Amino acid sequence: MAHLHDPPVFEIRRSGIQGMGGFATHHIPAGTRLIEYAGERITPAQSDARYPDAPGARHHTYLFAIDDEVVVDAAVNGNDARFLNHSCAPNCDAVIEDGRIWIETLLDIEPGEELVYDYAYVLAERHTPAAKRRFPCSCGAITCRGTILAKKR
Ligand SMILES: C[S@@+](CC[C@H](N)C(=O)[O-])C[C@H]1O[C@@H](n2cnc3c(N)ncnc32)[C@H](O)[C@@H]1O
Ligand SMILES: [Zn+2]
């Protein structure tokens, strides 16, 4: 819920990428703000304590790091934005404005298309091949990096 459009322009259903995803139910023009990425605001230390990465396990959380001090955990008080998957060839973007995160379309989107943005996750540790394997990407794009981690410099 908390969609910015009534009726909502996307719905949540099973995704071929992973688990659930958000899919357009209407034509959506490029540059449309869809929803806030809502959730509990915590510190990176709180988030590390809440989700200790099990060694070797594939990472799965609803965390979004705004900056070095604030992480939004959409597992608590989150909305439909938490179901949007990552793609290396995204049609949406997550825009940070005054400490809040908004999901906006980058391209014109047709009904049925999955809404995806580039998570560009950055770890405190180096993005080694082993780290990348804990964050695999199955977006299916020709330009897929193979990981939902950001390219580090
Ligand atoms: C914010 S959730 C997205 C919704 C998720 N599909 C679900 O049903 O809970 C983020 C998690 O989804 C998974 N995910 C998102 N995009 C992915 C992708 N392109 N490839 C593989 N897993 C992905 C990862 O496990 C990630 O930690
Ligand atoms: Zn990818």
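Conventions we followed
- Numbering of residues begins from 1 in every chain and follows the order in which that chain's sequence is written.
- Each chain is given a letter, starting from A, and each ligand a number, starting from 1, according to the order in which they appear as written.
- Confidence filtering applies because this is a predicted model: local features only for residues at pLDDT of at least 70, side-chain atom pairs given and counted only at 80 or more, and all residues used for totals across whole chains, interfaces and linings.
- As a rule here, side-chain values come from all non-hydrogen atoms in the structure, and water together with hydrogens is ignored.
- The secondary structure listing takes helices from DSSP runs of H or I that are at least 4 residues long and strands from runs of E that are at least 2 residues long, numbered from the N terminus.
- The criterion used for residue contact is that any of the two residues' heavy atoms lie within 4.5 Å.
- Here a polar contact is recorded for every N or O atom pair within 3.5 Å, except that within protein the pair must consist of a potential hydrogen donor and a potential acceptor, and residues adjacent in sequence are included only if both atoms are side-chain atoms.
- For Na, K and Ca the donor cut-off is 3.2 Å; for every other metal, N, O and S atoms count as donors within 2.8 Å. Water does not enter the count, which can leave sites looking incomplete.
- Just to be clear on the cut-offs, tetrahedral is four donors with all angles between 85 and 135 degrees, square planar is four donors and octahedral six with opposite donors over 155 degrees apart and all others between 65 and 115, and anything else goes down as irregular.
- Joining through side-chain atoms within 4.5 Å is the link that ties buried Ala, Val, Leu, Ile, Met, Phe, Trp, Tyr and Cys residues into a set, and such a set is a nonpolar core.
- Between buried and exposed lies partly exposed: a residue is buried under 20% and exposed over 50% of the maximum accessible area for its type, with that area taken using a 1.4 Å probe on protein chains only.
- Whether a residue is near a molecule or strand depends on its heavy atoms: if one lies within 4 Å, it is near.
- In short, Shrake-Rupley with a 1.4 Å probe defines the accessible areas, and a residue's cover is counted only from the protein chains shown.

Tracing the backbone through its elements, the reader meets E40 in strand β4 (residues 40-42). When the C-alpha atoms of E40 and V72 are compared, they prove to be 5.4 Å apart, with 32 residues separating the residues in sequence. If near-sequence neighbours (up to four positions away) are discounted, E40 is found in contact with R50, V71, V72, D73 and V76. Here the side chain of E40 touches R50 through a polar contact of 3.0 Å, side chain to side chain.

The coordination sphere of the zinc ion (ligand 2), as far as protein atoms go, consists of C88 (SG), C137 (SG), C139 (SG) and C144 (SG), spread over 2.3 to 2.4 Å. Coordination at the zinc ion (ligand 2) is tetrahedral, judged from the four donor atoms that bind it and the angles of 105 to 113° they form at the metal. Read in sequence order, the donor residues coordinating the zinc ion (ligand 2) give the pattern C-x48-C-x1-C-x4-C. Taken together, the residues C88 in the loop between β7 (85-86) and β8 (92-97) and C144 in the segment after α2 (129-134) connect sequence positions 56 residues apart.

By size, the foremost hydrophobic cluster in this structure holds 30 residues, and its most contacted members are L34, Y37, I103, L115 and Y117. Taken together, the elements giving at least two residues each to this core come down to β3 (33-36), β8, β9 (100-105) and β10 (114-117).

A few words on the site of ligand 1. Not every one of the 20 residues close to ligand 1 is listed here, only the nearest: Q18, M20, Y62, N85 and H86. In the environment of ligand 1, an oxygen atom lies 3.0 Å from a nitrogen or oxygen atom belonging to the side chain of H60. Here ligand 1 has 570 Å² of accessible area as a free molecule, and 97% of this is covered by the chains.

By themselves, these figures tell us nothing about what the structure is for.
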